[in-house]
Amino acid sequence: DYEVAVEDSPQRSVKSEPRHRNDITHTTLVNQISLHVYDLISKDTMVMVPPCGCVLEVGQCFTEFNSAMQELGTGAYHVGVEINGIEYAYGAGKTPGKTGVFTCYPKRSPGYQYR
């Protein structure tokens with residue numbers, strides 16, 4: 001988690017007292033910003049393979065693969081940025097066929113597996 005001071009933001013304010021009689025009191029506004037990392041596929045994702053009708057647990061395989069790749073400093077991930085309790089991400093949202101920036105609850109990006 002990172003705490004970043006941003007001027008002109010409508011969030012929590014932190015007031016500082018003047019040190020000398022002629023100093024001006026100022027207010028610094030603080031935002032809570034966190035980066036959340038996900039696997040690209042949730043670990044409970046399954047795919048049926050026609051024509052045999054076999055069901056493959058691709059999510060679990062992908063999670064294991066990504067864990068091994070992480071040891072090498074790489075992998076395939078999705079990220080979301082949480083700002084003041086709302087997570088923002090880019091990709092497929094809840095509406096079929098629509099992509100772009102969407103919001104969700106922190107650490108609960110739909111269709112992805114939080115690390």
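Since the structure is predicted, the reported quantities are computational estimates derived from the model, not experimental observations.

### Things to note about the pairing of strand β7 (residues 86-92)
Taken residue by residue, a regular strand's side chains alternate between the two faces of the sheet.
Point 1. Pairing between strand β6 (residues 77-83) and β7: four bridges, direction antiparallel. Looking at β7, one finds that Val 81 is bridged to Tyr 88.
Point 2. In this structure, the hairpin formed by β6 and β7 is closed by a connection of two residues, where Asn 84 is found at a positive phi of approximately 55°.
Point 3. Relative to strand β8 (residues 99-104), β7 runs antiparallel, the two sharing six bridges. In the sheet register, Glu 87 faces β8, and the bridge partner there is Cys 104.

### Side note on the packing of aromatic side chains
Point 1. The tally for this structure, following the rule as stated, stands at two aromatic pairs.
Point 2. Here the aromatic rings of Tyr 38 and Tyr 112 are separated by 6.3 Å at their centres, their planes lie at 55°, and the arrangement is tilted. Placement of Tyr 38 in strand β3 (residues 27-39) and of Tyr 112 in the loop between β8 and β9 (113-114) is noted, with a sequence separation of 74 residues between them. For the pair formed by Tyr 38 and Tyr 112, the shared burial category is buried.
Point 3. Relative to Tyr 114, the ring of Tyr 38 lies with its centre 5.6 Å away and its plane at 75°, an arrangement referred to as edge-to-face.

### Observations regarding the side chain of His 78
Point 1. Mapped onto the elements, His 78 comes out in strand β6.
Point 2. Reaching out from His 78, the side chain makes a polar contact with the side chain of Ser 109 at a distance of 3.3 Å.
Point 3. Excluding its chain neighbours within four sequence positions, the residues that come into contact with His 78 are His 36, Val 37, Tyr 38, Leu 40, Ala 89, Tyr 90, Phe 102, Ser 109 and Tyr 112.

### A look at the confidence of the model for the chain
Point 1. For the chain, mean pLDDT is 82; residues scoring 70 or higher make up 76% of the total.
Point 2. The least confident element of the chain is strand β1 (residues 2-5), whose mean pLDDT is 44; the most confident is β6, at 95.
Point 3. Segment residues 1-10 is flagged for pLDDT under 50; beyond a separation of four residues in sequence, or across chains, it makes 22 contacts in the model.

### What about the side chain of Ser 42?
Point 1. Positionally, Ser 42 belongs in the loop between β3 and β4 (47-49).
Point 2. Side chain to side chain, Ser 42 and Asp 44 meet in a polar contact 2.8 Å long.
Point 3. Other than its neighbours up to four places away in sequence, Ser 42 contacts Gly 59, Gly 111, Tyr 112 and Gln 113.

### As for the environment of Tyr 77
Point 1. Turning to its location among the elements, Tyr 77 is positioned in strand β6.
Point 2. Judged by its relative accessible area of 29%, Tyr 77 is partly exposed.
Point 3. Expressed as a C-alpha distance, the spacing of Tyr 77 and Leu 40, which sit 37 residues apart in the sequence, is 5.2 Å.
Point 4. At 3.4 Å, the side chain of Tyr 77 forms a polar contact with the backbone oxygen of Thr 74.

### Describing the pattern of salt bridges
Point 1. Scanning the model with the defined rule gives one salt bridge in all.
Point 2. Note that Arg 115 and Asp 39 form a salt bridge whose closest N and O atoms lie 2.8 Å from each other. With a gap of 76 residues between them, Arg 115 in the segment after β9 and Asp 39 in strand β3 connect regions that are remote in the sequence.

Reading guide: rules and limits
- Residues numbered from 1 in each chain as written.
- Predicted model: local features only at pLDDT ≥ 70, side-chain atom pairs only at ≥ 80, totals over all residues.
- Heavy atoms only, no water.
- Pairing = 2+ DSSP bridges.
- Helix = DSSP H or I, 4+ residues; strand = E, 2+ residues; numbered from the N terminus.
- Phe/Tyr/Trp six-rings, centres within 6.5 Å; stacked < 30°, edge-to-face > 60°.
- Buried < 20%, exposed > 50% of the residue type's maximum accessible area, 1.4 Å probe, protein only.
- Polar contact = N/O pair within 3.5 Å; in protein donor to acceptor, adjacent residues only side chain to side chain.
- Contact = heavy atoms within 4.5 Å.
- pLDDT = per-residue confidence, 0-100.
- Salt bridge = Lys/Arg side-chain N within 4 Å of Asp/Glu carboxyl O.

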